[in-house]
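Understanding the architecture of this molecule
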Amino acid sequence: PNPPALHSFESVDLLTDSLASFVVKAQKEAIDRKGRFTIALSGGSLPKMLKGLVGHTGVKWEHWQVFYADERVVPLDHPDSNHKLCMDELFSKVGIPKENVHAIDPSLADDLEELSDAYEKELIREFAQKDAARFPVFDLILLGMGPDGHTASLFPGHALLTEDDRWVAYIEDSPKPPPKRITLTYPVINHAARVAFVAAGEGKADMLTRVLDHPEEGLPSSRVKPVYPGQLYWFVDAPAAAKLELP
Ligand code: 6PG
């Protein structure tokens, strides 16, 4: 794989401006090529970090197809819902068609197996037949990194770290509440054209050096290694980057 491209900024405002330009560029390339832009979003502070997209004249919301890198299995209007967070922080402020945002709605399934299968089918509808395309190729996946090195709902030591077949999986034992979650798997994340982590604040510094300087530890965030020609990016602020050994 290509080495990760590290973009470090003096302030969070500079980071969010640059992140918005980056997303718009990825969007433009995708739309020019095939008329649509497929993106997966995460929760945490990520939706807020996308504030540079609000009012940005380059964004063609009608061509976006939005999925979630992971979701907590809670009602869509629950305070823990990543979808609600993205709606509140971003989508309620811009003109994206409702049907372009693919929520993971637990009220439509009897159990987690059915819920993750239903979301996998939703991906198959977007990315064509699973048999034809072994794994979907997202134009962009945006991720956060937890204090334990987790990303999406892929946690240290979990069996899902070696999942190599499913597109979407569920867990019932998240070390961080809520315990039930749906997540994209590594094969999906690692087949994306671009994957970008966003990490800000000094609370990320120790974990960032473990993930980037010591990938041999095998932390969940280190396992994000897009297959060529996919590219991995890190958007970080100076406090998060403070302990990196790399230049
Ligand atoms: C969760 C959190 C978590 C979060 C990371 C990074 O589902 O438990 O949303 O995955 O995204 O901990 O969080 P920040 O981006 O807020 O630092």
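Structural notes, computed from the coordinates.

What counts and how
- Residues numbered from 1 in each chain as written.
- Predicted model: local features only at pLDDT ≥ 70, side-chain atom pairs only at ≥ 80, totals over all residues.
- Helix = DSSP H or I, 4+ residues; strand = E, 2+ residues; numbered from the N terminus.
- Rg over C-alpha atoms; globule rule 2.2 N^0.38 Å.
- Buried ≥ 20, exposed ≤ 12 C-beta atoms within 10 Å, placed from the backbone.
- Contact = placed C-beta atoms within 7 Å.
- Pairing = 2+ DSSP bridges.
- Axes fitted to C-alpha atoms, helices over the stretch in contact; angles between N-to-C directions.
- Near = placed C-beta within 6 Å.
- Nonpolar A, V, L, I, M, F, W, Y, C, P; charged D, E, K, R; others polar.
- Arc of directions from axis to C-beta.
- Core = buried A, V, L, I, M, F, W, Y, C linked by C-beta atoms within 7 Å.
- Expected span 1.5 Å × (residues − 1).

Helix and strand content of the protein chain: 7 helices and 9 strands. A compact globule built from 247 residues should have a C-alpha radius of gyration of about 18 Å, and the protein chain, at 17 Å, falls within 12% of that. For the protein chain, the spread of C-alpha atoms along the principal axes amounts to about 45 × 45 × 35 Å. Counting across all 247 residues of the protein chain, residues that qualify as buried make up 42%. In the protein chain, the proportion of contacts linking residues at least 24 apart, taken out of those at least 6 apart, comes to 77%.

The subject of this paragraph is the sheet that holds strand β5 (residues 140-143). Strand order in the open sheet formed by 6 strands is β1-β9-β8-β5-β2-β3, and the pairing between neighbours is parallel. Bordering the open sheet on either side are β1 (5-9) and β3 (64-68), each of which pairs with just one other strand. On average, adjacent strands in this sheet sit at an angle of 20° to one another, irrespective of strand direction. Two strands pair when backbone bridges link them, and strand β8 (residues 194-199) and strand β9 (residues 231-237) are joined in this way by 6 bridges, in the parallel orientation.

On to the sheet that holds strand β4 (residues 70-72). Reading across from one edge, β4-β7-β6 is the order of the 3 strands in this open sheet, with antiparallel pairing throughout. Edge positions in the sheet fall to β4 and β6 (168-171), since each has one partner strand and no second. Neighbour to neighbour, the strand axes of the sheet diverge by 15° on average, direction disregarded. One ladder, built from 3 bridges, connects β4 with strand β7 (residues 181-184); its direction is antiparallel. Paired with D70 across the bridge in β7 is T183.

Close to the ligand lie S42, G43, G44, S45, L46, G144, M145, G146 and K176, which account for all nearby residues. A per-class count over the shell around the ligand returns 2 nonpolar, 6 polar and 1 charged.

Before going further, it helps to examine helix α6 (residues 205-213). Within the sequence span of α6, burial applies to M207, L208, V211 and L212. Seen end-on, α6 carries its buried residues on one side only, within an arc spanning 115°. In this structure, the buried residues of α6 make contact with β8, β9 and α7 (238-241).

Let us look at the environment of G44. Here G44 is to be found in the loop between β2 (37-41) and α2 (46-49). Taking the number of C-beta atoms within 10 Å as the measure of exposure, G44 has 16 and is therefore partly exposed.

As a further point, take the nonpolar core. A40, I141, L142, I189, V198 and A199 are the most contacted members of the largest nonpolar core, which has 68 residues in total. Excluding residues that lie within four positions of it along the chain, I189 makes contacts with I141, A152, L184, V195 and V224.

Summarising the element assignment, D32 is placed in helix α1 (residues 12-34). Residues D32 and E163, 131 residues apart in the sequence, show an inter-C-alpha distance of 33 Å.

What follows covers helix α4 (residues 112-127). Its 16 residues place the ends of α4 22 Å apart at the C-alpha level, agreeing with the 22 Å of an ideal helix rising 1.5 Å per residue. Tucked inside the fold, the buried residues of α4 contact β3, β6 and β7. Just beyond α4, the residue with positive phi is A128, at close to 75°.

Tracing the chain through its elements places S18 in helix α1. For S18, a count of 14 C-beta atoms within 10 Å puts it in the partly exposed group. Linking S18 and I104, residues 86 residues apart in sequence, is a C-alpha distance of 29 Å.

The phi torsion of most residues other than glycine is negative, and most of the peptide bonds are trans. Note that the residue after P177, namely P178, is joined by a cis bond; omega there is -5°. Considering the arrangement of structural elements, one finds P178 in the loop between β6 and β7. With an omega of 10°, the peptide bond running from Y228 to P229 counts as cis. You will see that A152, though not glycine, has its phi angle at about 45°, which is positive.

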